[in-house]
Amino acid sequence: MLNDRKASELVTKSLRRTLTDALTDEESDALEKNLTDSKELEAFAKLSHKIQISAVEIATLAEHGDVTIGPGLSGEARDRLKDSICAVQSGDVPLSDAEQRLDSQEHKNPLKRTTLLPSDSAQPWPQQMVAEQGIPYQVTDDARIGESRFTIIRPLGKGGLGNVWLARDERLKRNVAIKELNAEALQSEKSWQRFRREAEITGLLEHPSIVPLYQYSFDKSTGEQFYAMRFVGKRTLADAIIEHHERIRLGERDDAGLGLHRLLSIFLDICQAIAYAHSRGVIHRDLKPENVALDNFGQVIVLDWGLAKLSEEGELVNHLSRESNIADKALAQTVDGEVIGTPLYMAPEQASGDLDHVDERTDVYGLGGILFSILTGCAPHETSSELVQSSLKEVLKLITENRSPEPSDYAQSVPRELEAICIKSMAFKSYLRYDQVSHLADAVELWMAGQSEKKSRYENLRMEGRELRADLQSSIRDLETNARFMSRLPPIQELITAQADQEIAVWRERLTTIYTGLLTAKSDYQTIAYCKIEAGVCTEVVRVERHSTDHSNIRPVPRSRLRKVKTNQFLDTVMQQKPEEVLTSLVCDADCEPQDNCFGDDDVHLVAAVPVYDQNTEEPYGVVLIDCDIDRVMRRQVSEHATASEIIIACDIHHVMMRSHFGHVVEDSISKTVAEETPHFCQAVEVLQNHLEFIDETNTEIYGARLWLNSNRHGLMYLLRSGRNKAHP
Amino acid sequence: MSNNPSTATDLQATVIPPEQWVDQYGDYLYRYAYSRLRDANASEEVLQETFLAGIRYAHQYAGKGSQRGWLLGILKRKIIDYVRMRAKHAQSRSYEDETDPSLQLFDAQGNWKTAAFRWSPQPDEQIQEVEFRQIVESCLDELPETQRAVFQKSVMDEKDSEEICKELNITPSNLWVRMHRARLGLAKCVETKWLNEKEELGHVE
């Protein structure tokens, strides 16, 4: 007795129709016996017999042209066949070429032969889908709805090969981006291959900055391949670069430094992604700002791996050959001499189609192109006059024959060190470029770190400038407080009412004692005086002064040496103040004129004055003046703040009142104008006319701070410059 | 010649220019190709090759027999070439064993598993030939390529084993294994689809 498997084999054999395959007598007997005993065998035999009859019938009907057998030609297939015949008949395509093309497709392009795939792969191609389902082979947006888990929402963009759509994943309730070939690319077999390769390469590259692929599949309605990936928004690095340079153009300089820093951070992320791809044997070959998406949360995504080249030594090429349906390794490479990529960002070796020399350094060039774009706001070669109205061929010729462009040829204010990095990345000869992407990233990172240090130094400079201003403000407040206090002392009113000489002498002595004490305590105060103002004449009542050269010598001025001068504008203003209202101003020494009338070679003093009112009559009687030696204050200030390489203290009319170099006063600069002496501060001076601060975002070198005196009518400005070298100015 | 105008007219009618081949013979040849290849894409391609070959060798068509029959002859040759190429490519893939229906139907001792086959139409059950044929066609579509090629050449084209082995570049034992698997797979597929259809009809009734 045969087992069932053996018996079924005999059934198969018995169904052969040729005599040579007939069963032997023993086999026939054994089969007969099994058929009697096994219902399954009997069912199998009967069914197989009937299938055989039916199959023969199908073959016969097909030969006789029965229309119930199989599908007929679809409209699309019919058109394609007609087109090919017409092309040959009309002579547009030589017959041999048409045959060769078919032949090459057949043998070299297993991709098109989707039926060669294992049946479980179930990957229908457009023509097959059309023939099987009779659906017109065309792209319709609505066709995917209901046929797939994705519902198309709106188009996102168009590329060289494909279109990208925003779609809704109905199962996972999330938005995704769907990429599919465009109508033109659909006609190209190579485009199909590249699209699939793109999907596979993207899927195999798992990196935070490489777009994650969710699904690669076929549209049920059209048979078109598509892949779904994370929707990262429409904003690309190109948009960010345009925005950055637009801000600079509009003068929003506050953002400029920060914007460049952000763009360079993005650039570093791109470098990391490309370095990872290189480690897996993938060369992107189409690096440009448009192929870098930026999501709303700062993530950087490198897109469009459709033109990627696989290194033969890389591990990925093995994955593709084994796991994908592109069995032919040759398909993993582009044809020699073929030019692919984006011309303006193309490395010379790429533009010349010399694919043997396309390697990781070709991507280094592409990254250099992105850096170029970040620095200048335009693509390499973009504004070259030679390229205007040039054909693609001419553009490529120019790239292969001319030196690479340099950022400073295209834009001003390009940081020198960054430009050097960019030039090295885009060196005409690939061996002169960075060997690896990581080296390029390191160079940029180092520059950014240097910038951070520079920023930090600049922050210190700002702090220093603000401290200087705050220090002077504090001195002025102190001066005003003292002036006010000095005007409230009992001898002030007693001297108004005292008539007898003896009485006056007593009160003068008491006041002199107090004033002497104040000058002793305050080394910056030069003079303190109590004056009577009457009929346009200022008569000193008490005056204590410090010796002009011997600062420790504080002396009361004898009554016989007290001055009697005509009042000036400053004193008249003081007399118009209310009681205890202090007026502080920079004045010239000689006649206490306000600074804007007498600045030149005269000494400038900071004077605080308070009107004194007669308590009996409540009429203004005189003033108490304290004269502060501003030069002494400034010298002390600049000597204490030696961080800045240069400090200028200037008055309203831009005369230099004090200039120091690393804490040392530069004497011959005083009383010259800022423009004459230090033109690099001119921009800051201009800004400080209307602002309290000048912040140098571009070069982070200059800081300016403004101090207003006398109800904002007059004031001082501090100008500081950072720097490491102690070279003489 | 002029005494027999109808014959001349018929002869002229059978010779049509290549521009009209698609409309005149396209469906017929395509159906034939599809009945053998079960692949729309492949069928279209062999048809295209047939037409191009027809243009190239048009001068060889002597007018004996119909032009359609002449093109069918070319098509058959193209199908053989195609199947041979496809078989060659399929050989490089080793998924053949993955589609052995024996594993589903027999246990380790080679005996039928429970309910391996239940095919037993009731005596009063009328088997609709067209319906059955459609099921067979759909099951042919589902058959692995390597098995289908053997089945088609053996059953539908009635070729002998030696010829099939030569065309597909396989050994006789290999052919035998494929043939048996094809029959098992087809039988199981047709039985399942047939029973499902009957079941659905029963529900409807």
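Residues numbered from 1 in each chain as written. Chains lettered and ligands numbered in written order. Predicted model: local features only at pLDDT ≥ 70, side-chain atom pairs only at ≥ 80, totals over all residues.

### A few points about the overall build of chain B
Here's step 1: Each helix and strand counted, chain B has nine helices and zero strands in total.
Here's step 2: When the helices and strands of chain B are listed from N to C terminus, the series reads α-α-α-α-α-α-α-α-α.
Here's step 3: The buried share of chain B, taken over its 205 residues, is 40%. (Helix = DSSP H or I, 4+ residues; strand = E, 2+ residues; numbered from the N terminus. Buried ≥ 20, exposed ≤ 12 C-beta atoms within 10 Å, placed from the backbone.)

### Description of the overall build of chain A
Here's step 1: Secondary structure assignment for chain A yields 23 helices and 22 strands.
Here's step 2: Within chain A, contacts between residues at least 6 apart in sequence are counted, and of these 59% link residues at least 24 apart. (Contact = placed C-beta atoms within 7 Å.)

### Looking at the interface of chain B and chain A
Here's step 1: The interface is formed by 64 residues belonging to chain B together with 63 residues belonging to chain A.
Here's step 2: Every element with two or more residues in the side of chain B that touches chain A is listed here: α2 (21-37), α3 (40-56), α4 (67-91), α6 (129-142), α7 (145-156) and α9 (172-204) of chain B.
Here's step 3: It is α3 of chain B that contributes the most residues to the side of chain B that touches chain A, 12 residues altogether.
Here's step 4: Of the residues belonging to the side of chain B that touches chain A, the class tally is 32 nonpolar, 13 polar and 19 charged. (Nonpolar A, V, L, I, M, F, W, Y, C, P; charged D, E, K, R; others polar.)

### Describing the environment of Gly26 of chain B
Here's step 1: On the secondary structure map, Gly26 of chain B appears in helix α2.
Here's step 2: A count of 20 C-beta atoms within 10 Å places Gly26 of chain B in the buried class.
Here's step 3: Gly26 of chain B sits 21 residues away from Leu47 of chain B along the chain, and the two C-alpha atoms are 7.9 Å apart.
Here's step 4: Once residues within four sequence positions are removed from consideration, Gly26 of chain B is found in contact with Leu73, Arg78 and Leu81 of chain A together with Trp21 of chain B.

### Focus: the pairing of strand β3 (residues 174-181) of chain A
Residues and elements named next belong to chain A.
Here's step 1: Of all eight residues that make up β3, six are buried, and the element is covered over most of its length.
Here's step 2: Pairing geometry for strand β2 (residues 162-169) and β3, over eight bridges, is antiparallel. Bridging across to β3, Gly162 finds its partner in Leu181.
Here's step 3: Between β2 and β3, which follow one another and run antiparallel, lie four residues, and Lys173 among them has a positive phi close to 55°. (Pairing = 2+ DSSP bridges.)

### Some remarks on the nonpolar core
Residues and elements named next belong to chain A.
Here's step 1: Core analysis: the biggest nonpolar cluster contains 73 residues, and Ile178, Phe267, Ile270, Leu367 and Leu371 have the highest contact counts within it.
Here's step 2: Considering each element in turn, this core owes the most residues, nine residues, to helix α10 (residues 253-279).
Here's step 3: In contact with Leu367, other than residues within four places in its own chain, are Ile270, Cys271, Ile274, Leu287, Ser425, Val437 and Leu440.
Here's step 4: With 69 residues, the next largest nonpolar core counts Val544, Leu583, Ile647 and Phe694 among its residues. (Core = buried A, V, L, I, M, F, W, Y, C linked by C-beta atoms within 7 Å.)

### Quick word on the sheet that holds strand β19 (residues 664-665) of chain A
All names here are of chain A.
Here's step 1: The six strands are arranged β19-β18-β17-β22-β21-β20 in an open sheet whose pairing can be described as antiparallel. Of all strands in the sheet, those with a lone pairing partner are β19 and β20 (693-695), marking the two edges.
Here's step 2: Pairing between strand β21 (residues 702-709) and strand β22 (residues 714-721): eight bridges, direction antiparallel. Pairing of Tyr703 across the sheet is with Leu720, part of β22.
Here's step 3: Against the sheet, helix α16 (residues 437-488) contacts β21 and β22, and its axis sits at roughly 15° relative to β21. (Axes fitted to C-alpha atoms, helices over the stretch in contact; angles between N-to-C directions.)

### A word on the environment of Ser161 of chain B
Here's step 1: Relative to the assigned elements, Ser161 of chain B resides in helix α8 (residues 161-168).
Here's step 2: Classification of Ser161 of chain B by C-beta neighbours within 10 Å gives partly exposed; the count is 18.

### A word on unusual backbone geometry
Residue and element names in this part refer to chain A.
Here's step 1: The phi torsion at Glu580 lies on the positive side, around 65°, for a residue other than glycine.
Here's step 2: Relative to the elements of secondary structure, Glu580 occurs in the loop between α19 (569-575) and β14 (583-588).
Here's step 3: According to the C-beta neighbour criterion, Glu580 is partly exposed, with 15 such atoms within 10 Å.

### Quick look at the packing of helix α4 (residues 75-90) of chain A against α3 of chain B
Here's step 1: For the pair α4 of chain A and α3 of chain B, the least separation of the axes is 10 Å and the interaxial angle reads 25°. What the angle tells us is that α4 of chain A and α3 of chain B run roughly parallel. Both α4 of chain A and α3 of chain B take part in a crossing whose hand is right-handed. Where α4 of chain A approaches α3 of chain B, its residues Ala77, Leu81, Ser84, Ile85 and Val88 of chain A are matched on the opposing element by Glu44, Leu47, Gln48, Phe51, Leu52 and Ile55 of chain B. (Parallel < 35°, antiparallel > 145°, perpendicular 65-115°, else oblique. Left-handed = near helix turned anticlockwise from the far one by under 90°.)

### Quick look at helix α9 (residues 237-249) of chain A
Residue and element names in this part refer to chain A.
Here's step 1: Its 13 residues give α9 an end-to-end C-alpha distance of 18 Å, which sits within 8% of 18 Å, the value for a rise of 1.5 Å per residue.
Here's step 2: Within the sequence span of α9, burial applies to Leu237, Ile241, His244 and His245. Projected onto a plane normal to the axis of α9, the buried residues spread over an arc of 90° and lie on a single side. Along α9, the residues that are exposed and aim more than 90 degrees away from the buried face are Glu246 and Arg249.
Here's step 3: Looking one or two residues beyond α9, the residue adopting positive phi is Gly251, at roughly 85°. (Expected span 1.5 Å × (residues − 1). Arc of directions from axis to C-beta.)

### Some thoughts on the confidence of the model for chain B
All names here are of chain B.
Here's step 1: Scored by pLDDT, chain B comes out at a mean of 76, with 80% of its residues at no less than 70.
Here's step 2: When the elements of chain B are averaged for pLDDT, helix α1 (residues 5-14) gives the smallest value, 43, and α2 the largest, 87.
Here's step 3: A low-confidence stretch, residues 1-13 (pLDDT under 50), is modelled with two contacts involving residues beyond four sequence positions or located in other chains.
Here's step 4: Ignoring residues within four places in sequence, the model shows residues 92-98, a span with pLDDT below 50, making two contacts including any to other chains.
Here's step 5: Interface confidence for the predicted complex, given as ipTM, is 0.79, next to a pTM of 0.43. (pLDDT = per-residue confidence, 0-100.)

### A few points about helix α21 (residues 630-640) of chain A
Here's step 1: Residues of α21 of chain A that are buried: Ile630, Val633, Met634, Gln637 and Val638 of chain A. Buried positions in α21 of chain A, seen along its axis, are confined to an arc of 120° and lie on one side of it.

### What about the confidence of the model for chain A?
Residue and element names in this part refer to chain A.
Here's step 1: Per-chain confidence: chain A averages 78 in pLDDT, with 78% of residues scoring 70 or above.
Here's step 2: In the model, residues 590-601 has pLDDT below 50 throughout and makes 34 contacts with residues more than four positions away in sequence or in other chains.
Here's step 3: Predicted confidence is poor over residues 725-729, with pLDDT under 50, and the contacts of this stretch with residues over four places away or in other chains come to four contacts.

### Considering the pairing of strand β5 (residues 225-230) of chain A
Residue and element names in this part refer to chain A.
Here's step 1: Burial runs high along β5: five of the six residues are buried.
Here's step 2: For β3 and β5, the ladder comprises five bridges, and the chain directions are antiparallel. Note on β5: the bridge partner recorded for Ala177 is Met229.
Here's step 3: Sheet topology note: the strand β4 (residues 213-218)/β5 ladder contains five bridges and is antiparallel. When the bridges of β5 are listed, Phe218 appears paired with Gln225.

### What to know about the environment of Tyr410 of chain A
Here's step 1: The residue Tyr410 of chain A is located in the loop between α14 (392-401) and α15 (416-425) in this model.
Here's step 2: Expressed as a C-alpha distance, the spacing of Tyr410 of chain A and Cys378 of chain A, which sit 32 residues apart in the sequence, is 8.0 Å.

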